Amino acid sequence: MDAVCQAPKAKETPMTLGQQIAWDDTVLPFQLDASDMRGRVARLDGALNGILKQHDYPPQVEALVAEMALLTALIGQTVKLRWKLQLQVQSKGAVRMIATDYYGPEEDGQPARIRAYASYDADRLTDGPAFDQVGEGYFAIMIDQGKGMTPYQGITPLAGGSLAGCAEAYFAQSEQLPTRFSLSFGRSTEEGVDEHWRAGGVMLQHMPKASPFVAQGGGTGEVLQAADLVQGDQEENWNRVNILLDTVEDIELVGPSVAPADLLLRLFSQEEPRVYDAQPVRFGCTCSEDRVRQSLSIYSARDIETMTTDEGRVTADCQFCGAHYDLDPATVGFDAAGAEDGA
Ligand SMILES: [Zn+2]
């Protein structure tokens with residue numbers, strides 16, 4: 001059920017620890033009726049640390065993964081997902097690839113799951129800003145609705161000076177949807193709490209006329225920016241709401257002292273904000289021995305032989321969570337399928 005936000009309280013009351021925890025690792029969907037926009041507020045804490053803990057990345061790479069994870073939480077929640085949405089950056093820079101997966105909740109009220117990994121050349125990393133570690137390349141969004149469904153993919157050149165900028169350019173170019181992100185993330189040094197990552201952000205998007213991710217985008221021309229797409233009343237709404245969002249402070253985005261609904265009222269009280277049920281998010285990896293066996297099932301016994309180690313095993317490591325799989329070659333590949341069917 002949705003609920004129209006209440007008028008702002010005259011005086012703010014500090015949040016209790018319980019309220020703070022309730023808003024961490026959630027995505028709050030909202031709508032601005034007066035300006036025909038939709039949006040999301042996301043806060044990541046434990047989920048983000050769960051994602052990063054699977055790896056041991058240098059700080060610049062962690063910052064990029066944190067930004068991608070936050071974008072993934074914001075974008076993933078806008079799609080009615082039966083399976084997963086993936087964000088991917090591929091570049092010629094020191095950070096060659098960043099991939100994040102968002103798995104929609106299996107049932108209403110269940111958490112969505114996010115996982116991420118990056119690959120990079122350690123000797124090419126510099127002390128410069130995180131985004132400088134990314135070179136020329138592409139930003140892609142893939143939507144996989146599961147078995148029997150054709151996956152959807154959109155792809156645009158990297159542009160905009162940050163991963164959020166790349167995502168904005170993606171939506172303008174590939175989906176023709178004016179979209180804006182305002183993000184804040186970093187290592188939190190709150191007193192009395194172990195240093196850890198926190199991230200928070202707001203996404204604003206013109207209300208899609210048709211299902212945004214189902215319509216085919218495409219084209220390889222000039223990279224559009226959101227402002228190129230809006231005209232007339234739309235332009236006025238877009239500019240007004242963006243100016244309001246420009247006033248947001250990092251501490252309001254990342255929390256934990258400002259509740260997301262209070263933030264929306266502070267920024268957009270004139271725009272008639274309406275909020276929907278918050279979506280909890282967690283770190284989660286979907287890898288399993290079954291999935292490894294499935295991905296190996298396309299190979300012949302001869303192919304499997306070439307993958308077999310000197311110790312006579314077929315091994316695989318999950319890039320997202322580091323899980324190690326060690327299998328008997330006689331039980332994998334399509335030549336072994338009969339044995340599997342009987343299992
Ligand atoms: Zn895994």
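Quick word on the overall build of the chain
Here is step 1: Counting secondary structure elements, the chain contains ten helices and 14 strands.
Here is step 2: The buried share of the chain, reckoned over its 343 residues, is 39%.
Here is step 3: Residue pairs at least 24 apart in sequence account for 67% of intrachain contacts in the chain once pairs closer than 6 positions are excluded.

Some thoughts on helix α4 (residues 163-174)
Along an α-helix, residues three or four positions apart point the same way, because every turn accommodates 3.6 residues.
Here is step 1: Between the first and last C-alpha of α4 there are 16 Å, a value that for twelve residues agrees with the 16 Å anticipated at 1.5 Å per step.
Here is step 2: Among the twelve residues of α4, eleven are classified as buried, and the element is accordingly described as predominantly covered.
Here is step 3: Taken together, the buried positions of α4 are occupied by L163, A164, C166, A167, E168, A169, Y170, F171, A172, Q173 and S174.
Here is step 4: In this structure, the buried side of α4 is in contact with α3 (59-76), β4 (84-91), β7 (137-144), β8 (152-157) and β9 (179-188).

Remarks on the packing of α3 against α4
For any two helices packed against each other, the geometry comes down to the angle between their axes and how far apart the axes lie.
Here is step 1: Remark: α3 packs on α4, axes separated minimally by 9 Å, with the N-to-C direction vectors making an angle of 35°. Here L64, E67, M68 and L71 of α3 lie close against α4, whose contacting residues are L163, A164 and A167.
Here is step 2: Looking at the contact of α3 with α4, its residues break down into six nonpolar, no polar and one charged.

Looking at the pairing of β4
Here is step 1: For β4, the buried fraction is high: six of the eight residues fall into the buried class.
Here is step 2: Where β4 lies against strand β5 (residues 95-103), seven bridges are found, and the strand directions are antiparallel. If you follow L85 over to β5, its bridge partner there is Y102.
Here is step 3: Hairpin connection from β4 to β5: three residues lie between these consecutive antiparallel strands.
Here is step 4: With eight bridges joining them, β4 and β7 adopt antiparallel strand pairing. Across the sheet, residue S91 finds its bridge partner in β7, namely G137.

What to know about unusual backbone geometry
Here is step 1: Geometrically, the link from G255 to P256 is a cis peptide bond, its omega value of 0° lying close to zero.
Here is step 2: Backbone geometry at D36 places phi at a positive 55°, although glycine is not the residue there.
Here is step 3: Mapped onto the elements, D36 comes out in the loop between β2 (26-32) and β3 (37-44).
Here is step 4: With 15 C-beta atoms packed within 10 Å, D36 lands in the partly exposed category.
Here is step 5: Here the phi dihedral of E272 falls at roughly 55°; this positive angle occurs in a residue that is not glycine.
Here is step 6: Relative to the helices and strands, E272 resides in the loop between α7 (260-268) and β11 (273-275).

Observations regarding the packing of helix α2 (residues 46-53) against α3
Here is step 1: At a minimum axis distance of 10 Å, the contact between α2 and α3 shows a crossing angle of 135°. Put simply, α2 runs oblique to α3. Here the hand of the crossing between α2 and α3 comes out right-handed. Contacts from L48, I51 and L52 in α2 reach E62, V65, A66 and A69 in α3.
Here is step 2: Within the contact of α2 with α3, the residues separate by chemical class into six nonpolar, no polar and one charged.

Topic: the pairing of strand β14 (residues 324-327)
Here is step 1: With four bridges joining them, strand β13 (residues 314-317) and β14 adopt antiparallel strand pairing. Bridge pairing in β14 links A316 to Y325.
Here is step 2: In this antiparallel pair of consecutive strands, β13 and β14, the connection spans six residues, and G322 shows a positive phi of 80°.

Regarding the confidence of the model for the chain
Here is step 1: The predicted model of the chain averages 87 in pLDDT, with 86% of residues at 70 or higher.
Here is step 2: Segment residues 1-13: pLDDT under 50, and 14 contacts once partners within four positions in sequence are set aside and those in other chains are kept.
Here is step 3: Low pLDDT, under 50, characterises residues 211-222; the stretch is placed with eleven contacts to residues that sit more than four places away or in other chains.

Some points on the environment of Q279
Here is step 1: Tracing the backbone shows Q279 in strand β12 (residues 279-283).
Here is step 2: Once the C-alpha coordinates of Q279 and D25 are considered, the two residues, 254 residues apart in sequence, prove to be 8.5 Å apart.
Here is step 3: Q279 has contacts with T26, V27, Q77, P105 and A112, leaving out every residue within four places of it along the chain.

A closer look at the nonpolar core
Here is step 1: With 75 residues, the main nonpolar core has L64, V65, A69, L70, L71, A73 and I114 as its most contacted residues.
Here is step 2: Among the elements that line this core, the one with the most residues is α3, at twelve residues.
Here is step 3: Residues within four places of L70 in sequence aside, it is in contact with A42, L44, L183, F185, A199 and G201.
Here is step 4: Counting residues in hydrophobic clusters, the runner-up holds five residues, among them V292, L296, V314 and V332.

Concerning α3
Here is step 1: With 18 residues, α3 ought to run about 26 Å at 1.5 Å a step, and its terminal C-alpha atoms sit 25 Å apart, in line with that.
Here is step 2: Most of α3 sits out of view: 17 of its 18 residues are buried.

What counts as what
- Residues numbered from 1 in each chain as written.
- Predicted model: local features only at pLDDT ≥ 70, side-chain atom pairs only at ≥ 80, totals over all residues.
- Helix = DSSP H or I, 4+ residues; strand = E, 2+ residues; numbered from the N terminus.
- Buried ≥ 20, exposed ≤ 12 C-beta atoms within 10 Å, placed from the backbone.
- Contact = placed C-beta atoms within 7 Å.
- Expected span 1.5 Å × (residues − 1).
- Axes fitted to C-alpha atoms, helices over the stretch in contact; angles between N-to-C directions.
- Nonpolar A, V, L, I, M, F, W, Y, C, P; charged D, E, K, R; others polar.
- Pairing = 2+ DSSP bridges.
- Parallel < 35°, antiparallel > 145°, perpendicular 65-115°, else oblique.
- Left-handed = near helix turned anticlockwise from the far one by under 90°.
- pLDDT = per-residue confidence, 0-100.
- Core = buried A, V, L, I, M, F, W, Y, C linked by C-beta atoms within 7 Å.

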